[in-house]
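If you want the building blocks of each chain, they are given just below.
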Amino acid sequence: MINTAGYKICDIEKENGPLALEIAAEGIVLLENSGALPLKSKNVALYGSGARNTCKGGTGSGEVNNRRNINVEEGLELCGFRVTTKGWLDDCDSQMAREEEARDAKIRQIGEKYSVFRFWELMNELALPIIYPKGRDITQSDVAASDTDTAVYVLTRQAGEGGDRRNVKGEYYPTDKELRDLQFLVAHYKNTILVINAGACIDMAQLLAAKPGAVIFMGQAGQAGGLALAQLMSGSRNFSGRLAATWPKDLADLPCSDSYSFLDGNTEKEIYKDGIYVGYRYYDTFGTEPMYAFGYGLSYTSFNISAEAELNGSRISVCAKVKNIGSVAGKEIVQVYISCPGGKIAREYQQLAAFAKTRRLDAGESEEVNLGFDISGFAAYDEENSCFVLEKGSYLIRVGNSSRNTECIASVVLSKNVITERCRAIGGARGRVREIQAPACCRGAECAGKVLYLDEKAVAVIKHDYSAPYAKILPEAARMTDKELSDICVGDPALMSGGIPDVVGACGQIDKKVCKKYGYFPAVMADGPAGIRIAREYAVEPGGKIKTKGKLPQELIKAKKLFAWLDRIWGRHSKRAKQVYQFCTAWPVAAVQAQTFSPALIKEAGRAISAEMVRYGVGIWLAPGINIQRHPLCGRNFEYYSEDPVLTAAMACAVVSGVQEDSRCAVTVKHFCCNNQEDNRMKSSSEINERAMREIYFKAFKLVVKNARPECIMSSYNKVNGTYVNSSSDLINGVLRCEFGFEGVVMTDWQSVAVGQADAGEVLSAENDLIMAGNKYQHKALLDAVKSGRTDRLHLQRCASRILSLCKKLHP
């Protein structure tokens, strides 16, 4: 039943506005400042593609159809500044209108190539990033008319689902026009501030050569991003964001930049030759200088950090005293790293172990923050013996405010090797890839701080039971026919055949017919993670027909011609039609959220998201995305938190806990696993050794499952070492269920099961419980697999029981 509930406009997203603003303000990072900030002039000359067309987020599932956004121009004006370049901005708007018209024409051409039976190929091609206009050349006349000595230039990029960024001008590299503009502004204004409004890093070498007075990484900061930026530039707020991913000086510095995704011309196999050396682990271990380090960010003030460490059993506690030694108030982020000894197993220089953000400290004020971690969590994986091990030697504890600015405060000495966890080998993953080799010694000088001694008896050893993790079969699942079981284990086909789910604009739903028969709630799913992605508005005709303004997938299929929707005029419905609004909050993207280094803020966002889910009838939120930012060119880096699994897990645990505080709401942690590129994502095989899998790409999933208990996990499109993840019992049963203790529902990514892709019978045999989104082919393929005996009915009963148990839990 469509939720129309007798309301016209819901203001719940307005209530969330202050929190969205706070997260944006704490996640924006100041990269450079030679005195241009805070702004000193109330007149500002504003230029660049993102001045008015400020990008709030990426394309694809991470998009949010919210009510309105505050762009950079509006933000400055709300903070009392006068924007003095309206004429230049108006000309840029005219160019944007022409380019949008050309983009729509390209979309029409794409649509003509496809039939409804190749729907997902169509949707991938439709995920065209908007190429923002660069505007006309800036002239002496513009400068003269601007009546100010201060210019702000907003450089904008947008990427998204379905394709990786290209290493070309206009994407990763600045265009000639952008460089010319920036050079002109630096030459003609006393203060020039460069704002980078993009989902991930871009090449900075030529931009910095122009010598702007300040550089800000705004990221894609959601609906209130423009206001947050303006408050920071004005000085009414102080910058406290820190980078959650390293920025390279040159893409060629990265070990996989000759082979990542499309770069070697082969997207069928992605070779993870970088092993565990991802992000700062690579830079710090191999002595490569980054442009900006992990954890880096400037402030209008300065801090002093002094710290001490203690050892209690296998847990290391750090007490850090932070003092604001500058002249204005601000916040600091204390980062704790651990450097592990390399014996038989080579180790990275250091890895993030814990972090904490202070409260707002006035000038001269101090605060003590306490951090802690279990040293067992930083054991190395020994592929030869299928176990995690702490090798003997000294474990150095470093404290600072970025990965390149730390001081060793203690060493923890272990006198013998200790196994911390015994695992079952993952088939075909031992020594599969020839990885880069780290330098023989990379830790630097030994620590002059306190020496602590770890008793090996204090380290607990984890052992796993790999007998099949049988779900309790519900009586209803035992009574169901083969067809009913296959129906419940495949998404409701209505969405992919012209129907509309119970929440308009939602992307999936558990089968309504079977749920209704057996008395269960057919949970509705909506995309994330930058908010809830549903239709912003729609109308209900007196006869019950739904008409929407958005471009819903079912409209594309239902239309007589695929792109008839482009020519529809909103408002054709009867005056008696009931207009319904579903305004949701567009939060800063995950990458900006991580830059806050504030799980407490992100947990609050989780609570706010659950309130919107309940308001609109969404039971399952398809977020957060916790894949590792392996390479700067990944098209979905904006949608993932970080290059580091510990930071990723902390942010994900926060939002999962916040959302699931309401028992009517579930999250779906995605995309398990080794899904770190978008090109050819449905067929590519991630070729990777088991150690890298376990230490880098599994770790965030492991921590989130153990610490936050998500209700759902989404398996990824890709293969791992030649086998589709959604069809791998090793990964789904062996790792997720037996090792991590996951008890919820595993679902496929949308349209993973298709001709030439994963097989429905194999997916259910691996107890990947739910095939999404649900179409006639998937339903028939699974039922055929059961009837032929290729898939045991028992697997479907277990999977159906997990799905129905979740539906019962989510019943409003």
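Just above, that's the structure.
Procedures and definitions
- Residues numbered from 1 in each chain as written.
- Predicted model: local features only at pLDDT ≥ 70, side-chain atom pairs only at ≥ 80, totals over all residues.
- Heavy atoms only, no water.
- Helix = DSSP H or I, 4+ residues; strand = E, 2+ residues; numbered from the N terminus.
- Contact = heavy atoms within 4.5 Å.
- Areas by Shrake-Rupley, 256 points an atom, 1.4 Å probe, with all protein chains shown as cover.
- Core = buried A, V, L, I, M, F, W, Y, C linked by side-chain atoms within 4.5 Å.
- Buried < 20%, exposed > 50% of the residue type's maximum accessible area, 1.4 Å probe, protein only.
- Pairing = 2+ DSSP bridges.

S.K.: Which residues make up the overall build of the protein, and what values go with them?
M.R.: If you tally the helices and strands in the protein, you get 23 helices and 30 strands. Once local pairs closer than 6 in sequence are excluded, the contacts in the protein between residues at least 24 apart make up 80%. Working note: accessible area of the protein is about 29,300 Å², and carbon and sulfur atoms make up 49% of it.

S.K.: Any details on the nonpolar core? Residues and values, ideally.
M.R.: L37, L76, I193, I216, W247, I397 and F672 are the most contacted members of the largest nonpolar core, which has 193 residues in total. The element contributing the most residues to this core is helix α17 (residues 645-660), with 10 residues. Setting aside residues up to four positions removed in sequence, L76 forms contacts with L39, V44, L46, F81, V83, A230 and M233. L474, Y518, M682 and L804 belong to the second largest nonpolar core, which has 47 residues in total.

S.K.: Provide a residue-level description of unusual backbone geometry, including the pertinent values.
M.R.: Between K670 and the following residue, H671, the backbone shows a cis peptide bond with an omega angle of -5°. Here S261, not a glycine, exhibits a phi torsion of approximately 50°, which is positive. Within the fold, S261 resides in the loop between α9 (225-234) and β7 (269-271). If you check the backbone angles, N721 has positive phi at about 50° while not being a glycine. Positionally, N721 belongs in the loop between β28 (719-720) and β29 (723-724). Given the relative accessible area of 9%, N721 is considered buried.

S.K.: Please provide a residue-by-residue account of the sheet that holds strand β30 (residues 745-747), values included.
M.R.: Pairing is mixed in the open sheet, where 6 strands are placed in the order β19-β20-β24-β25-β27-β30. This sheet does not close on itself; its edge strands, each paired only once, are β19 (508-509) and β30. Of the strand pairs in this sheet, strand β25 (residues 666-672) and strand β27 (residues 712-715) are connected by 3 bridges, and their pairing is parallel. Among the inter-strand pairings, F672 is bridged to a residue of β27, identified as S715.

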